[in-house]
Amino acid sequence: MPHGLVTVLRVGVSAGLLALLLIISRDELSALDLDSKRAAAGWLVTASLAIAAAFVTASARWWQVAATLDVKVSCRSMLSIYLAAQFVGNFLPTTIGGDVLRVNRLGRLCGSEANAFATVIIERLTGWVVLPVLTLAALLSRPSLLTHSGGQIAGGLALGTLAVLAFVVWVAEHPRGLGRLAGGNRIRDALGAVHTGLSMFRRHPRAAARLLGVGFAYQVLLVAATALIGAAIGINPGMRAWLAFAPMVLIVQLMPFTIGGLGVREGAFVLFLDAHGVNEGEAVLLGLLLYALTLLVSLTGAPALALGGRRRHGKAPAEAPLGP
């Protein structure tokens, strides 16, 4: 399908889902009473700081992947590129624009788009490991969450995500999978670099453990930001409920048929929090505030987007393979 038509369809789906949710929950939204606007503002400011800290942690996770794969780049450059990508990904009607920018700019710095592509893919994969693990751990620690349909759906999504991820990683790391793709064209080079990178992490379990540790810190910060926004509007289902449901919301909002997860994210909150005393209006407002604060923090990437595309040291080095 033409790119312009796809964008129009995604905007239409997002607008339709969001309008439906607002219509369904209009009575609850009009009845919301924020007891203390000053306290609510404090919670929202703290949530914004948590999101900003999450962005910094995510760039550190990406840098750690690059360091293990022997892709030489400074932490400062990594943070600049990551913030620029967040700005692109959250303000433009696309789900991959930010990652394309990351590959392009890191490729210029390290001299290899294939290696840059591998760092982005592997960094992304760590999130798909951590999020379902957080959900399953929370559900196991509080089995009563599974007595409601929201908990059962969250558990199913988490198990399904891990199953799909295991298959993807197996194909990517197996010598007969992506290991067969090395050389020939840019796509084969990029996929072959992903295979090589995953194999390096398999041979260096300590590096993999450090990467997952940073990944957990990043996702917990996002869960904490969600809980803080909930506190601002009087939603408090308990920390284990947040750990069970917020990670699944972060996954489903990445579905590619909406803009920024609009409509899907809010609907997921309605589904997961319904059995915890949260009405539709509160759940929709929670999703909208989470999106708004993410957009606000993403504005920090605008200068990096405008100024970070120029090379500082002349010609980029020639392409080099991943480290041993």
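Above this note sits the structure.
Each chain carries its own residue numbering, running from 1 in the direction its sequence is written. The model is predicted, so local features are restricted to residues of pLDDT at least 70 and side-chain atom pairs to those at 80 or more, both for listing and for counting; the totals for chains, interfaces and linings are taken over all residues. Excluded from the side-chain calculations are hydrogens and water; all other atoms, namely the structure's heavy atoms, are used.

**Student:** Sorry if this is basic, but what is going on with the side chain of Thr-294 here?
**Tutor:** Numbering of helices and strands runs from the N terminus; a helix is a DSSP stretch of H or I covering at least four residues, while a strand is a stretch of E covering at least two. With respect to the element layout, Thr-294 can be found in helix α12 (residues 280-298). With a 1.4 Å probe rolled over the protein chains alone, any residue whose accessible area is under 20% of its type maximum counts as buried; one over 50% counts as exposed, and the rest are partly exposed. By relative accessible area, which is 18% here, Thr-294 ends up buried. Within the local environment of Thr-294, its side chain forms a polar contact with the backbone oxygen of Leu-290, the two atoms lying 2.8 Å apart. Here a residue-residue contact requires only that any non-hydrogen atoms of the pair lie within 4.5 Å. Beyond its immediate stretch of four places on either side in the chain, Thr-294 contacts Ile-51, Phe-55 and Asn-90. Polar contact is defined as a pair of N or O atoms within 3.5 Å, subject to the rule that within protein one atom must be able to donate a hydrogen and the other to accept it, and that residues adjacent in sequence are counted only when both atoms are side-chain atoms.

**Student:** Explain unusual backbone geometry here, please?
**Tutor:** Comment: phi is negative for the bulk of residues other than glycine, and the bulk of peptide bonds are trans. Even without glycine at this site, Asp-70 takes up a positive phi of about 60°. With respect to the helices, strands and loops of the structure, Asp-70 is situated in the loop between α3 (37-68) and α4 (75-91).

**Student:** Before we go on, may I ask you to explain the nonpolar core in this structure?
**Tutor:** Soluble globular proteins: nonpolar side chains tend toward being buried together. Among the nonpolar cores identified, the biggest contains 78 residues, and Leu-69, Trp-242, Phe-245, Phe-269 and Leu-286 are the most heavily contacted of them. Setting aside its immediate chain neighbours within four residues, Trp-242 contacts Val-223, Thr-226, Ala-227, Gly-230, Ile-235, Pro-237, Pro-247, Phe-269, Leu-273 and Leu-286. Buried Ala, Val, Leu, Ile, Met, Phe, Trp, Tyr and Cys residues form a nonpolar core when they are joined through side-chain atoms within 4.5 Å.

**Student:** Looking at this structure, I do not really get the environment of Leu-243. What am I missing?
**Tutor:** With respect to the helices and strands, the residue Leu-243 is situated in helix α10 (residues 239-252). Note on Leu-243: relative accessible area 23%, which makes it partly exposed. Once you skip the residues sitting within four places of it in the chain, Leu-243 turns out to touch Leu-134, Thr-135, Ala-138 and Val-223.

**Student:** I'm lost on the packing of helix α11 (residues 264-273) against α12 in this one. Help?
**Tutor:** Between two packed helices, both the angle of their axes relative to each other and the distance between the axes serve to describe the pair. The axes are straight lines fitted to the C-alpha atoms, using for helices just the contacting stretch, and the angles between their N-to-C directions are given from 0 to 180°. Following both chains from N to C, one finds α11 and α12 inclined at 140°, their axes separated by 8 Å at the closest point. Between α11 and α12, the angle is such that the two are oblique. Here α11 and α12 pass one another in a crossing that is right-handed. Here α11 contributes Arg-265, Glu-266, Phe-269, Val-270 and Leu-273 to the contact with α12, which in turn contributes Glu-280, Ala-283, Val-284, Leu-286, Gly-287, Leu-288, Leu-290 and Tyr-291. Reported orientations rely on four angle classes, namely roughly parallel under 35 degrees, roughly antiparallel over 145, roughly perpendicular from 65 to 115, and oblique for the rest. For a crossing to be left-handed, the near helix must be turned anticlockwise from the far one by less than a right angle; the clockwise case is right-handed.

**Student:** How do you make sense of the pattern of salt bridges when you look at a structure like this?
**Tutor:** Once their charged atoms are close, side chains differing in charge can pair, the charge on each being opposite to the other. Note on definitions: salt bridges are taken to be side-chain nitrogens of Lys or Arg within 4 Å of carboxyl oxygens of Asp or Glu. Applying the stated criterion to the full structure yields 6 salt bridges. A salt bridge links Glu-266 to Arg-265, with the nearest nitrogen and oxygen atoms 3.2 Å apart. One exposure class covers both Glu-266 and Arg-265, and it is buried. Each of Arg-61, Asp-99, Arg-102, Glu-123 and Arg-124 takes part in salt bridges that share partners, so that together they form one network.

**Student:** Explain the packing of aromatic side chains here, please?
**Tutor:** How two aromatic rings sit relative to each other is given by the distance of their centres and the angle of their planes. The rule is short: rings of Phe, Tyr and Trp, with Trp giving its six-membered ring, pair when the centres are within 6.5 Å, and they are stacked under 30 degrees, edge-to-face over 60, tilted in between. Scanning the model with the defined rule gives 2 aromatic pairs in all. Pairing Phe-245 with Phe-272 gives two aromatic rings, centres 5.4 Å apart and planes at 5°, and the pair type is stacked. Taken together, the residues span a long stretch of sequence, with Phe-245 in helix α10 and Phe-272 in helix α11 at a distance of 27 residues. On the accessibility criterion, Phe-272 (3% relative accessible area) is buried. We count a charge as sitting over a ring when the NZ of a lysine or the CZ of an arginine lies within 6 Å of the ring centre and within 35 degrees of the ring normal. One residue, Arg-102, lies across the ring of Trp-62, its end atom 4.6 Å from the ring centre.

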